[in-house]
Amino acid sequence: MVDDSGLQALREAARLSPDNLPLRRHLADLLLDKGYLAEAEREYRAALLLAPRDPGITAGLAEAFARQGAYGAALSALEPFLAQPGYPPRMGVIAARALLDEGDVAQAGFRYHEAVMRAPEAADPELAARLAAPVPPRVSQPVEEPFGKRAEEPAEPYDQRVTFADVAGMEGVKEALRVKLLLPVQQPELFAAFGKRAGGGVLLYGPPGGGKTHLARAAAGELGASFVSVGLSDVLDMYVGQSERNLHNIFDAARRSRPCVLFFDEVDALAARRSDMRQAHNRQIVNQFLAELDGVDDKANEGVLVLAATNAPWYIDVAFRRPGRFDQLVFVPPPDLAARAAILRILCRDKPLAEMDFDAVAKATTDYVGADLKGLVDRAVEDKLRESIAAGRPVPLTTRDLLALTKSQRPSSVREWLATARNYVMHANDSGAWDELLPWVNRTW
Ligand code: ADP
């Protein structure tokens, strides 16, 4: 260890060669080590001017800040790194210390565990004790799940499987999903030949009830993959830091049950534009989501196909659309005449039926989406059941039954949805992201 006279010599050398980065870095590290914190801070700042965004120097500066009680400054210095996957574990430990001293125990615990899981040598028993945390788990140990039930049984029972045969119409959407999700898994050599790698997610968007969840489930069935559907309540937690942890555990559980389709419903709430967010911890959820999508390395998410659905794609942070993340946007349109007839046919297929004119019902249900049609059929079936019980024999469903119900059942909000979409297409489509919507929003009904 350098004594104070050795330190003095280093100071002098750095003064004479102010652009010598290794020298300045070495001096700064020594100053920090010996507890000359203010001077270490100055040296790290000077070194950062020579090497902006150097992770080692930034970590040193953050530690100098934290040990002087400037926790906010420490966290600000670390923030750009912590938002990226695979940041140096040392940074996670420094952040944990600063967060703990700021009183944010949950977030501190999350950072600490995440860092130590990746680099057990970064463990700091004293900090762990202060966090009142159990001994950090080893990487090979299973991580505790936030949703025990789902984690233990990620795959759906086989007879509940739906496939693309159960999705009526939507040929364009099915084709897009085949190319993006299914072919890379079914024919990897073909994709490799073109230098393309499987991975990256698909964001399904369109009016509510349009069949996005149904499609995602069918894509999993088509692949023979397990289907894990994640709703907001599976992720969001009132305790700061716990939501990020939940997200991490959800991805981990999916990675353990590959091949797997991991489906996020209402994803706009988890992936909203960070600029729209008031609360820093909401931004942390977005950052955690991005980090999980990227994975710690190329292989982390292999066999995990991430699908997400939203009715409000315009609220999603553009960072989600980068390659390897939700790099494909797929519009799930309201069903046209032929698609409505086909959906009705599927919905009625195992019911007692008279001769049916599905085209006539399709014509009478112009603004209906899949969920509306399902509601219509469900109501008609209930009525028929009552009739059948009274008659003591099965009374088949007729075209007229369905047509009669269309008079009283209003469709959900497709028109309102298209009016909102029109605003974005007309006034916020510089990147061309919403081009696919153009023919729809200009349509006269
Ligand atoms: P979203 O996720 O877009 O809100 P859902 O996938 O929940 O909509 O759709 C509601 C229901 O409508 C589904 O459970 C399914 O029964 C039916 N449905 C929607 N689209 C189709 C379709 N193309 N083919 C068959 N059924 C459909």
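Structure report, in brief. Computed from a prediction, not measured in an experiment: that's the story for all the values here.

**Concerning the packing of helix H6 (residues 89-101) against helix H7 (residues 105-118)**
- Contact geometry for H6 and H7: axes closest at 8 Å, N-to-C directions at 160 degrees. In terms of their interaxial angle, H6 and H7 are classed as roughly antiparallel. When the axes of H6 and H7 are compared, the crossing they make is left-handed. Between H6 and H7, the residues in contact are Pro89, Gly92, Val93, Ala95, Ala96, Leu99 and Leu100 and Val105, Gln107, Ala108, Arg111, Tyr112, Ala115 and Arg118, respectively.
- Tallied by class, residues from the contact of H6 with H7 come to 10 nonpolar, 2 polar and 2 charged.

**Looking at the sheet that holds strand S1 (residues 202-205)**
- Sheet architecture is open: 5 strands sit in the order S2-S3-S4-S1-S5, paired in parallel fashion. The sheet terminates laterally at strand S2 (226-230) and strand S5 (328-331), the two strands that pair on one side only. Put simply, the sheet's adjacent strands are angled 20 degrees from each other on average, direction ignored.
- Examined bridge by bridge, S2 and strand S3 (residues 260-264) share 5 bridges and lie parallel to one another. Across the sheet, the residue bridging to Ser229 is Phe263, located in S3.
- On the sheet, helix H12 (residues 212-223) packs against S1, S2, S3 and strand S4 (304-310) and is oriented at approximately 170 degrees with respect to S3.
- Sheet strands in contact with helix H14 (residues 242-256) are S2, S3 and S4, and its direction is about 155 degrees off that of S3.

**A closer look at the site of the ligand**
- In the vicinity of the ligand lie 15 residues, with Ala168, Gly209, Lys212, Thr213 and His214 positioned nearest.
- In this structure, Gly210 approaches the ligand through a main-chain N or O atom, which is 3.1 Å from an oxygen atom.
- Taking Gly370, its main chain carries an N or O atom lying 3.4 Å from an oxygen atom of the ligand.
- Burial of the ligand by the protein chains amounts to 83% of its free accessible area of 560 Å².
- Residue assignment for the shell around the ligand shows that the elements contributing at least two residues are H12 and helix H18 (370-391).
- Its residues assigned to classes, the shell around the ligand shows 6 nonpolar, 6 polar and 3 charged.

**Considering the side chain of Lys174**
- Structurally, Lys174 is set in helix H10 (residues 171-186).
- For Lys174, a relative accessible area of 5% gives the class buried.
- A polar side-chain atom of Lys174 sits 3.3 Å from the main-chain carbonyl oxygen of Phe164.
- In this view, Lys174 contacts Phe164, Val167, Gly169 and Leu215; residues no more than four positions away in its chain are not counted.

What counts as what
Residues numbered from 1 in each chain as written. Predicted model: local features only at pLDDT ≥ 70, side-chain atom pairs only at ≥ 80, totals over all residues. Heavy atoms only, no water. Axes fitted to C-alpha atoms, helices over the stretch in contact; angles between N-to-C directions. Helix = DSSP H or I, 4+ residues; strand = E, 2+ residues; numbered from the N terminus. Parallel < 35°, antiparallel > 145°, perpendicular 65-115°, else oblique. Left-handed = near helix turned anticlockwise from the far one by under 90°. Contact = heavy atoms within 4.5 Å. Nonpolar A, V, L, I, M, F, W, Y, C, P; charged D, E, K, R; others polar. Pairing = 2+ DSSP bridges. Near = heavy atom within 4 Å. Polar contact = N/O pair within 3.5 Å; in protein donor to acceptor, adjacent residues only side chain to side chain. Areas by Shrake-Rupley, 256 points an atom, 1.4 Å probe, with all protein chains shown as cover. Buried < 20%, exposed > 50% of the residue type's maximum accessible area, 1.4 Å probe, protein only.

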